[in-house]
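Architecture at a glance
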Amino acid sequence: MFKPLRGTQDLPPEEMAKRLRVFEVFREVAESYGYQPFEAPSMESWELLTLKSGEDVARQIYFFKDKAGRDVGLRFDLTIGLARYVASRRDLPLPFKRYSIGKVWRYERPSAGRRLREFYQADVDVVGSSSPLSDAEVIAVAVDCLRRLGLEDLTVRVNDRRILEGFVEVSGAPKELSLDVFRAIDKLDKIGEDGVAEELRKLGLEDGQVERLMELISAKGDPDRVLSELEQTLRGVEVGLEGCRVLRELLEYSEHMGIGDLLNVDASLARGLDYYTGPIFEVHVRGEEDVGSVAGGGRYDTLIQLCGGKPTPATGISLGVERVVLVMERKGLFSDLGPGIDVYVAPVGAGVGKALEVSGILREAGFRVYVDVMGRRLSKQLEHASKLGVRVVVIVGPREAQRGVVALRDMELEAQREVGLERLVEEVSSIVRPPRRRGLSS
């Protein structure tokens, strides 16, 4: 028997339904902010994928040669394809607000927070705006989506890459090692302070520089207090002070958007990708720390130019769909999903033609209708409907068809009655509502 490759999974209907709920809510929230759908290829050139991903990510990319001998790889995020597209479209009206939902691939060791090597992400990005308002907006989209999904107890960690650059300068560490320093700091949650300190020493930093960096990244908590402390620490270091200024502006916009109370400045937040240039952020669910962040992103103002385009600012955030689903499962937020089928239509004997007509009437009314295609006797069809978890069964036989009626069976109450076709939709609606009328918020 063949099994899925390690780090991949089959998604049977009951599991796919959970992800579809996340997709539907994400799409609705993103569109409510004016974002438009966009999809890039799942494969890109190896040169593009490694352009500004960082060494750790480059090692995780699924790389191969195609049949023409070209070096290609599977995308590791949904950002790089967007950057390539924008770089090639000099006529693209800006700002370009897009959302995208798709699979990405990373060859890394499965863990509690990252169980898979193939998984879904859901992104929103704003291309063409350098204002911190766009950073605040993408955070707001993610927060609104998570709240709509039932995840209320959220916290958002924010930092700015330029503050970390300022730390490198203040510590006396070589500026050319900045990206290596950021990558080491990004491992803090995985390997702890001692592990990060050891990584920094391996880069050749002196003990005093390591101690100073570890002290600097320990600042976290109330945004105003932490930023005031950082502004004192970074006095005279213009790049770091610019990061503080931008964060203050981002926080002000966040207050107006109703999410300001969720944001905390965390000077240890680094994010692993090398293409980040400004504000960076992660969303966590309190009490679910072992899962890690459920959303994260930041500003990448140089990536589009690196892809061959003109200098174009951009920012975005990505929801880790598998992590969101895991937390929702723990909190019992999928208990109302049901079987995904509203009505089971059971043809009996020569009633198949009429059963198909009845199915069309119900689908037109918005119901999800399953019709038996096996020609089984009624008892077997009822048994099948029960296994599928369907509550309403409409039984259509030749005698009922001649009289213009059907038998409507409520599987939960084990009750059955005859219903005229003119009242069928109304009677079925009294037991289950059609999804197209149900709406995502119910």
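In what follows, the structure referred to is the one given above.
First things first, this report covers the structure right here in the doc. (Residues numbered from 1 in each chain as written. Predicted model: local features only at pLDDT ≥ 70, side-chain atom pairs only at ≥ 80, totals over all residues. Heavy atoms only, no water.)

Some details on the sheet that holds strand S3 (residues 63–65)
- Strands sit in the order S2-S4-S3 across an open sheet of three strands; the sheet is antiparallel. Whereas interior strands pair on both sides, the edge strands pair on one side only; in this sheet they are strand S2 (43–45) and S3. Neighbour-to-neighbour, the strand axes of this sheet turn through a mean angle of 40 degrees, independent of strand direction.
- Relative to strand S4 (residues 71–74), S3 is paired through three bridges, and the arrangement is antiparallel. By the bridge assignment, phenylalanine 64 is partnered in S4 with valine 72. (Pairing = 2+ DSSP bridges. Helix = DSSP H or I, 4+ residues; strand = E, 2+ residues; numbered from the N terminus. Axes fitted to C-alpha atoms, helices over the stretch in contact; angles between N-to-C directions.)

A closer look at empty space enclosed by the protein
- The full count for this structure, using the stated rule, is one cavity of 30 Å³ or more.
- Considered as a void within the structure, the largest cavity measures approximately 80 Å³ in volume.
- What lines the largest cavity is simply Val86, Ala87, Arg89, Arg90, Leu92, Leu94, Ile304, Gly309, Lys310 and Thr312.
- Residues that form the lining of the largest cavity fall into these classes: five nonpolar, two polar and three charged. (1 Å grid on protein atoms, 1.4 Å probe; cavity = no way out; pocket = protein on both sides within 12 Å on 5 of 7 lines; lining within 4 Å. Points joined across faces, edges and corners; volume = space filled by probe spheres on them. Nonpolar A, V, L, I, M, F, W, Y, C, P; charged D, E, K, R; others polar.)

A look at the side chain of glutamate 288
- Relative to the assigned elements, glutamate 288 resides in the loop between strand S10 (279–285) and strand S11 (295–299).
- With a relative accessible area of 10%, glutamate 288 lands in the buried category.
- A polar contact is formed between the side chain of glutamate 288 and the side chain of arginine 330, at a distance of 2.6 Å.
- Glutamate 288 has contacts with Val327, Arg330 and Lys331, leaving out every residue within four places of it along the chain. (Buried < 20%, exposed > 50% of the residue type's maximum accessible area, 1.4 Å probe, protein only. Polar contact = N/O pair within 3.5 Å; in protein donor to acceptor, adjacent residues only side chain to side chain. Contact = heavy atoms within 4.5 Å.)

Observations regarding the pairing of S11
- Counting buried positions along S11 gives five out of five residues, so the element sits mostly inside the fold.
- As defined by bridge partners, S10 adjoins S11 across four bridges and the pair is classed as antiparallel. Residue pairing for S11: glutamate 282 is matched across the bridge by glycine 296.
- Where S11 lies against strand S12 (residues 314–320), five bridges are found, and the strand directions are antiparallel. Note that in S12 the partner of alanine 295 across the bridge is leucine 319.

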